[in-house]
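# A closer look at the structure
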Amino acid sequence: MFGDALPLAERYAEFLADAGVIRGLIGPREVDRLWERHLINCAVVAEMVPQGATVIDLGSGAGLPGLVLAIARPDLSVTLLEPLLRRTKFLTEAVELLELENVEVHRARAEEVAGDYQVDVVTARAVAPLDRLVGWALPLLRPGGELLALKGERAAQELADAEPVLKRFGVRTAELHRLGQGKVDPPTTIVRVVAERIPRRAKRSRKRSS
Ligand SMILES: C[S@@+](CC[C@H](N)C(=O)[O-])C[C@H]1O[C@@H](n2cnc3c(N)ncnc32)[C@H](O)[C@@H]1O
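Residues numbered from 1 in each chain as written. Predicted model: local features only at pLDDT ≥ 70, side-chain atom pairs only at ≥ 80, totals over all residues. Heavy atoms only, no water.

### Section: the environment of Leu39
Checked against the element boundaries, Leu39 lands in helix H2 (residues 34–43). Measuring from C-alpha to C-alpha, the distance between Leu39 and Leu64 comes to 7.7 Å, with 25 residues separating the pair along the chain. (Helix = DSSP H or I, 4+ residues; strand = E, 2+ residues; numbered from the N terminus.)

### Focus: the pattern of salt bridges
Considering all chains together, one arrives at eleven salt bridges under this definition. In this structure, Arg109 engages Glu111 in a salt bridge whose closest nitrogen and oxygen atoms are separated by 3.5 Å. Residue Arg109 is classed as partly exposed on the basis of its relative accessible area of 41%. Judged by its relative accessible area of 39%, Glu111 is partly exposed. (Salt bridge = Lys/Arg side-chain N within 4 Å of Asp/Glu carboxyl O. Buried < 20%, exposed > 50% of the residue type's maximum accessible area, 1.4 Å probe, protein only.)

### A word on the packing of aromatic side chains
All chains considered together, the criterion is met by two aromatic pairs. Centroid distance Phe2 to Trp35: 6.1 Å. Interplanar angle 85°. Geometry classified as edge-to-face. Of this pair, Phe2 sits in the segment before helix H1 (6–22) while Trp35 sits in helix H2, placing them 33 residues apart in sequence. By relative accessible area, which is 8% here, Phe2 ends up buried. Overall, the relative accessible area of 31% leaves Trp35 in the partly exposed class. Arranged with centres 4.7 Å apart and planes meeting at 15°, the rings of Phe15 and Phe90 form a pair that is stacked. (Phe/Tyr/Trp six-rings, centres within 6.5 Å; stacked < 30°, edge-to-face > 60°.)

Spelled out as structure tokens, the structure:
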């Protein structure tokens, strides 16, 4: 899954198990299941990210899934978006330790940077329910860009609950994917939401001016 980047992934896993636990970014009980529940669970998402894409990992925490994607896919340009100073310090140290040249760390809440980015992909794991996440992620995407939200067992219910906000944003593609069957147990559940090519607001203002 990591190919030539496996030694880097191992260094990141060690950093998580050591500094990550000491600084409270990851629970001590996670150490035994770091690979399955965290690194591999996140790495399988790489297959849904187009070659050379710009990516924002919204609410990156200790770098999941953003750092894992940056390690596995040097072709990506990844921004780790995280509001908490303690976490951005950890992320910056991890980027330096791993000598990653395709990652930047940005300390901010997603709402504060709405409209400042037009990336190809926004990823998010364990950040907010889908109905709130859509409102944070879509303003960071280019038209036609995609939110890939890593979700748990309630993914289908969250998708149903998000219907009003998806409608408000004019979203036509919002679907569930299961990734990593046979590689990780349980497989990773992704909700993929495609930002409309003509944003809803643009459509409305065009109507008003005609
Ligand atoms: C439960 S942690 C998950 C961290 C990481 N994604 C993971 O899966 O381990 C949620 C993260 O989202 C961040 N967060 C919460 N609200 C946010 C917002 N409005 N914009 C960006 N990040 C946010 C928090 O600071 C926290 O680091």
